[in-house]
Amino acid sequence: DNLYIRLCSLDPKASLYFNKQSVSGGYYNDYANDASIYLNSYSVDDNGKIEFPIIGKVLVAGKTIGEVNELIQNLVGEYMKEVAVVVKLVNFKVTVMGEVGRPGELTFYQNQVNIFQAIAQAGDMSEFANRGKVALIRKTREGSVVITLDLNRHDILYSPYYYLQPNDILYVPPLGYKRWGLGSTFPWAIVLSSISTTRLLINYFK
């Protein structure tokens, strides 16, 4: 993961030491676009830490954005007073596969994304989507787990899995009749016509 962290203070010169330095030697106060925010963010290493100016290694693994904000605020508060800290998750990425309009990896520039937002960004579910058996694949410290979700239920809004986590994978499976090739391309008209003709012939011979 990557975190965007910016410090604002009544003493601009003091806050410069804690904000990232640009390639040209100056300091980043504002960023022109999402790409520049990403390039100048703090990468979380394999130990769950970021390297923050002056302070050094800061453990952020297992914390929410709000908790990281408070942590940085307290650490920087030892060096300067009246400072405001802004922390954002830069690369909120999820993958949506299966019966959706545009399957693939999605990037969100926000701290919180729910299941329906991700599916909508992927082009919504197709007419053959099995909404009752959507699989959420989530990476944990113990390994990957698969959770089956029923998006037809109203209480999905209160599910602990309603809000996604970075690197989650959503798989929307097809309905049974599509797996057997009985989709919209199946020649229903010919089948129904054959059944009607058969019934007419049976009645005629009777």
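Trainee: Please explain the packing of aromatic side chains as it appears in this structure.
Mentor: Aromatic rings considered in pairs are described by the distance between their centres and by the relative angle of their planes. By the definition in use, this model includes three aromatic pairs. Here the aromatic rings of tyrosine 162 and tyrosine 163 are separated by 5.0 Å at their centres, their planes lie at 75 degrees, and the arrangement is edge-to-face. Residue tyrosine 163 is classed as partly exposed on the basis of its relative accessible area of 38%. Put simply, the rings of Phe116, Tyr162 and Tyr163 touch in pairs and so form one group of aromatic residues.

Trainee: Whenever I open this one, the layout of surface pockets confuses me. Can you help?
Mentor: The gaps left among the atoms become clear once a water-sized probe is rolled over them. Approximately 1,100 Å³ is the volume found for the largest pocket. Forming the walls of the largest pocket are 30 residues, and the residues nearest its centre are Asp1, Gly62, Lys63, Gln165 and Pro166. The leading source of residues in the lining of the largest pocket is strand β8 (residues 134-140), at three residues. Looking at the lining of the largest pocket residue by residue, the classes come out as 13 nonpolar, nine polar and eight charged.

Trainee: Got a minute to help me understand the nonpolar core in this structure?
Mentor: It is characteristic of soluble globular proteins that their nonpolar side chains tend to be buried jointly. Ranked by internal contacts, the top residues of the largest apolar core, which has 39 residues, are Ile5, Leu7, Phe52, Ile72 and Leu170. Of the residues forming this core, the biggest block, four residues, is contributed by strand β5 (residues 83-89).

Conventions and cut-offs
- Residues numbered from 1 in each chain as written.
- Predicted model: local features only at pLDDT ≥ 70, side-chain atom pairs only at ≥ 80, totals over all residues.
- Heavy atoms only, no water.
- Phe/Tyr/Trp six-rings, centres within 6.5 Å; stacked < 30°, edge-to-face > 60°.
- Buried < 20%, exposed > 50% of the residue type's maximum accessible area, 1.4 Å probe, protein only.
- 1 Å grid on protein atoms, 1.4 Å probe; cavity = no way out; pocket = protein on both sides within 12 Å on 5 of 7 lines; lining within 4 Å.
- Points joined across faces, edges and corners; volume = space filled by probe spheres on them.
- Helix = DSSP H or I, 4+ residues; strand = E, 2+ residues; numbered from the N terminus.
- Nonpolar A, V, L, I, M, F, W, Y, C, P; charged D, E, K, R; others polar.
- Core = buried A, V, L, I, M, F, W, Y, C linked by side-chain atoms within 4.5 Å.

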